[in-house]
Each structure stands twice: as structure tokens, then as C-alpha cells.
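# Inside the fold
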Amino acid sequence: MAKLAGAPPRIERLKVRNFRALRDLELKNLTPLTVLLGPNGSGKSTVFDVFAFLAECFETGLRRAWEKRGRARELKSRGGSGPVLIEIAYREKPRSSLITYHLEVEEKNGRPVAVVEWLRWKRGSYGAPFRFLDYAGGTGKVISGELPDSQDERIEVPLSSPETIAVNALGQLAENPRVVALRNFIMGWHVSYLSSDEARGQPEAGPQERLSKTGDNLVNVIQYLSEEHADRLGLIFSRLQQKVPKIHSVIANQMPDGRLLLQIKDAPFEEPIMARFASDGTLKMLAYLVLMNDPTPPPFIGIEEPENFLHPRLLYGLAEECREVSGATQILVTTHSPFFLDAVRPSEVHVLWRDDDGYTRSQSLDQNKRIMAFMDAGANLGDLWMEGLFEVGDPLTAGGMPMEGEGAK
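Everything numeric here is computed off the predicted structure, so don't read it as measured data. (Residues numbered from 1 in each chain as written. Predicted model: local features only at pLDDT ≥ 70, side-chain atom pairs only at ≥ 80, totals over all residues. Heavy atoms only, no water.)

## What about the overall build of the protein?
If you tally the helices and strands in the protein, you get 13 helices and 17 strands. A globule of 409 residues ought to have a C-alpha radius of gyration of about 22 Å, and the protein, at 23 Å, matches this closely. Residue burial in the protein is summarised as follows: out of 409 residues, 54% are buried. Nonlocal contacts in the protein, meaning residues at least 24 apart in sequence, comprise 58% of its contacts between residues at least 6 apart. Within the structure as shown, the protein displays about 18,200 Å² of accessible surface, and the carbon and sulfur contribution to it stands at 48%. The distance from the centre of the 49 positive side-chain charges to the centre of the 55 negative ones in the protein is 3 Å. (Helix = DSSP H or I, 4+ residues; strand = E, 2+ residues; numbered from the N terminus. Rg over C-alpha atoms; globule rule 2.2 N^0.38 Å. Buried < 20%, exposed > 50% of the residue type's maximum accessible area, 1.4 Å probe, protein only. Contact = heavy atoms within 4.5 Å. Areas by Shrake-Rupley, 256 points an atom, 1.4 Å probe, with all protein chains shown as cover. Lys, Arg positive; Asp, Glu negative; His and termini not counted. Charge placed at Lys NZ, Arg CZ, Asp CG, Glu CD.)

Here it is, written out as C-alpha cells:
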């Protein structure tokens, strides 16, 4: 698996308010591999989209990310008040200071505005946390330097407009290393919406290092790996053959018109077939393996419902792949598959459900004493999930809420 020279940044906590069904949600103690579990409509995809929204704010700008989601009318929680709030607490490396990034967005005159944005940390073991970046509506101050201290000078740096994300703008200036590090971290996220249909395309030839979020450049990445990292590509093929035994090889061929054609060769046959005729599951598994075996993996990977198009018996192995790569990147998976769940630990699972008011709530499975007792006795999480023993998140009990007399422990 891909390795980094040092451990990647790790998100330990996510707080969200007024983001669709996430009226007031906090996920604590996030692990290198975190699984969001719940029935359809429980809010898993909405949590996933929080990460996508934040990444898009940095990639394409706040306004485009906001309008893509239907502006305040569609994005903000029904019946809620106040701005959309997103807050992540993370460490740049193990045992480093916990840094909190806080962003609040409100719509004014039809345009999104970063009404509050700050970065906070605490230097060393003593003293109170303090903000070394503090902005509101395009104006604010930042403490520069490698290790901002509460006594350091705060420099006022005006932004070009109230919809400009301060971390995105100031994170391009070398004098703000901590801000640069956060910007690079978020810009590097791979919130995946891999599609087997997209992988069947025939893009222009040319090697590309990083798989796109939809996988439409899969053949370009295979071309890059074949030219620059042949051993890594061989490892990917080997792992693919373990899961789809008849696969012999995957080929990126350049056509006369300059486009690339992805071809897959089955072991019994002489001629390969075009990707357009390959199974959805084969292409999806190939894309996952390419993503997770990236020679320079993204610091954060989001995978939504990997069970789609894959045989259930492949999901345990895919979960193990996720666990292995989580040493080099943080993995967030949304699922409702018991087969994927069998391979993970209670501390890695957050169950989501909707309360009486229709808003998403969560419970970490390691806080459920009954589930931990079952696990100590040798039970599998997937079996407990299918038997409705989680107490929350069951689609057959009032939309997944706790049954009468029970509750989130």
C-alpha cells in the first residue's frame, strides 16, 4: 500500500449546524477509518456532502459551491435559523497541537458571505486556546509565522470580498505556514463519487497522476502508473485478480485520434474487451484499488456506499483495503452494508438516524454497552446490525429512531 514520509493530518471532530438535515450534529473521536452507518435518508450522504462542500469552497469558490446546492433555500435546515456552520478539529501530525477551523456562511442579498471564520489552537500544555486567524465578512487579522503565539502581532489583511474564504486566500502566502498547511490539506481531499459509467469514457491521451472524483480519467491514471510506477500498477492488478479471478490485465491503448481506450483482458481469451463492455463491479473495484494505491495518496478520502455494484463477498476485503491505506490517509465511508461492517470495529462506526423532528442524530457504537458485550462474546457487527440490535438506525423502527423504552447510550 501507499506510504507517506510522515503521518497525514487527522480530523478528530466534525461539528455541523443548519446544513440540510444536519441541524445540530457533532461527530467526535473520528478515527483513521471512520464508517457512517444508517438506513436510507438517515443523513449519511449529507455528512459526506459537508466534506464535499468545504473542499469545493476551496477549489471553485464559496459562491459556486453554495449555488450548486440550491443556495440558502435548499441548503439550510428547514425551520432552522442562523448561518450554516462547519467546524473541524484536526492535528497536522500525531501528538501535535489540536487546531480548530470554524466557518459560518450566511446568505446576504442573494450571495453567500463568510460571516465568521477562524483558526484556533493552544501552544503547548498550558494556557488557553487562542485564535491566530479571525475574520468576519472579508475583514480580520492573522498571526503569521511558523508557530503563532497569543502574544504575537495580529496583522490586518483585508480580503477581496466578503465571500472570499480567508484560509483559501491567506493560505497562498508563505508567511502563514499553519494556514498554508490547512489549505493544502483541504485542497488535497478526494471526496469520491466514482462512477462505472464515467470510467468507460475515452478521454484525451496523456498521463494523469490523480484519479478524478468521478473516475472519468481512470485510463489516464493507469497510463501514468504504467509509465512511472509499474510496480504499483502490478500490485493493483494482483489485488484485482484476487477479487475478480478471471481478469488477466488492464490496458491503456492510445487510438489514432489521440484518445485513450481502456481495455480489460480476461484470462481465457486472446483479445481484450473495451471497458464499455466490462461489468460495473469490475470497473468500480479497479477504480477503488487505483485510488487507494496512489503513490502519493490524498490526505483524506471519502467513499460513498461502496456496496453499489459490488458482490457482497467483496466488501469485507474492500474494508480491509481501506483499513490498510488508513495508515497513509484518513478514510470516511458511508454504507448500509452488513458485509462491509463485519470488517470494522465499533469505535470506527457512527450510526445515524433521524429524530422526531426529522433531523440527523448520531451514536458511536463503542458507546453502546450492549453492542460491546456482544462483540466481546464473538459476534459480528454486520449480524448485529441485520438483527436490529443497535437500538438506533433500524429502518423498520419509526425511521431508525430508538424504540420505546430504549435510547442512544
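## Topic: the pattern of salt bridges
This model, assessed by the stated rule, comprises 28 salt bridges. A salt bridge links E74 to R78; the nearest nitrogen and oxygen atoms lie 3.5 Å apart. On the basis of relative accessible area, E74 is assigned to the partly exposed category, the value being 40%. The class for R78 is exposed, based on a relative accessible area of 53%. (Salt bridge = Lys/Arg side-chain N within 4 Å of Asp/Glu carboxyl O.)

## Quick notes on helix α5 (residues 177-187)
For an α-helix, the turn length of 3.6 residues means that residues three or four places apart are oriented alike. Of all 11 residues making up α5, 8 are buried, and the element is well covered by its neighbours. Of the residues making up α5, those classed as buried are P177, R178, V179, V180, L182, R183, F185 and I186.

## Section: the environment of S150
Here S150 shows up in the loop between β8 (139-142) and β9 (155-156). A relative accessible area of 31% places S150 in the partly exposed class. When the C-alpha positions of S150 and R123 are compared, they lie 8.5 Å apart, and in sequence the two are 27 residues distant. Reaching out from S150, the side chain makes a polar contact with the side chain of Q151 at a distance of 3.3 Å. (Polar contact = N/O pair within 3.5 Å; in protein donor to acceptor, adjacent residues only side chain to side chain.)

## Thoughts on the side chain of T46
Relative to the assigned elements, T46 resides in helix α1 (residues 44-59). Under the relative-accessibility criterion, T46 is labelled buried at 14%. Residue contacts for T46: discarding those within four places in its chain leaves F19, R20, A21 and L22.

## Notes on the confidence of the model for the protein
The pLDDT averaged across the protein works out to 89; a share of 92% of its residues lies at or above 70. Predicted confidence for residues 1-5 stays below pLDDT 50, and this span has 18 contacts to residues more than four positions away or in other chains. Scored below 50 in pLDDT, residues 403-409 shows 15 contacts in the model against residues more than four places distant or in partner chains. (pLDDT = per-residue confidence, 0-100.)

## Things to note about the sheet that holds strand β6 (residues 111-121)
With antiparallel pairing, the 8 strands of this open sheet are ordered in space as β2-β1-β4-β5-β6-β7-β8-β9. Strands at the two margins of the open sheet, each flanked by one partner only, are β2 (22-27) and β9. When β8 meets β9, the two strands line up antiparallel, connected through 2 bridges. Residue pairing for β9: K141 is matched across the bridge by E156. Packed onto the sheet, α1 meets β1 (10-19), β2, β4 (84-91) and β5 (98-108) and runs at close to 95 degrees relative to β1. (Pairing = 2+ DSSP bridges. Axes fitted to C-alpha atoms, helices over the stretch in contact; angles between N-to-C directions.)

## Let's talk about the layout of surface pockets
Its boundaries defined by the atoms lining it, the largest pocket holds a volume of some 310 Å³. Lining the largest pocket are 14 residues, with E26, K28, S362, Q363 and S364 positioned closest to its centre. Broken down by secondary-structure element, the contributors of at least two residues to the lining of the largest pocket are β2 and β17 (360-364). Its boundaries defined by the atoms lining it, the second largest pocket holds a volume of some 180 Å³. Along its surface, the second largest pocket is lined by 10 residues, and P39, H336, W385, M386 and P395 are the ones closest to its centre. Of the residues assigned to the lining of the second largest pocket, the class counts are 5 nonpolar, 4 polar and 1 charged. (1 Å grid on protein atoms, 1.4 Å probe; cavity = no way out; pocket = protein on both sides within 12 Å on 5 of 7 lines; lining within 4 Å. Points joined across faces, edges and corners; volume = space filled by probe spheres on them. Nonpolar A, V, L, I, M, F, W, Y, C, P; charged D, E, K, R; others polar.)

## As for the packing of helix α7 (residues 218-228) against helix α8 (residues 230-243)
Between α7 and α8, whose axes approach to 5 Å, the crossing angle comes to 125 degrees. In terms of axis orientation, α7 runs oblique to α8. Residues I222, L225, S226 and E228 of α7 form the contact with α8, whose own contacting residues are A230, R232, L233 and I236. (Parallel < 35°, antiparallel > 145°, perpendicular 65-115°, else oblique.)

## Observations concerning unusual backbone geometry
For R71, which is not glycine, the phi dihedral falls at a positive 60 degrees. As for its position among the elements, R71 is in helix α3 (residues 71-75). Exposure remark for R71: the relative accessible area of 35% places this residue in the partly exposed category. A positive phi is found at F309, a non-glycine position, where the angle reads about 75 degrees. For F309, the location among the structural elements is in the loop between β14 (300-304) and α10 (312-325). On the basis of relative accessible area, F309 is assigned to the exposed category, the value being 53%.

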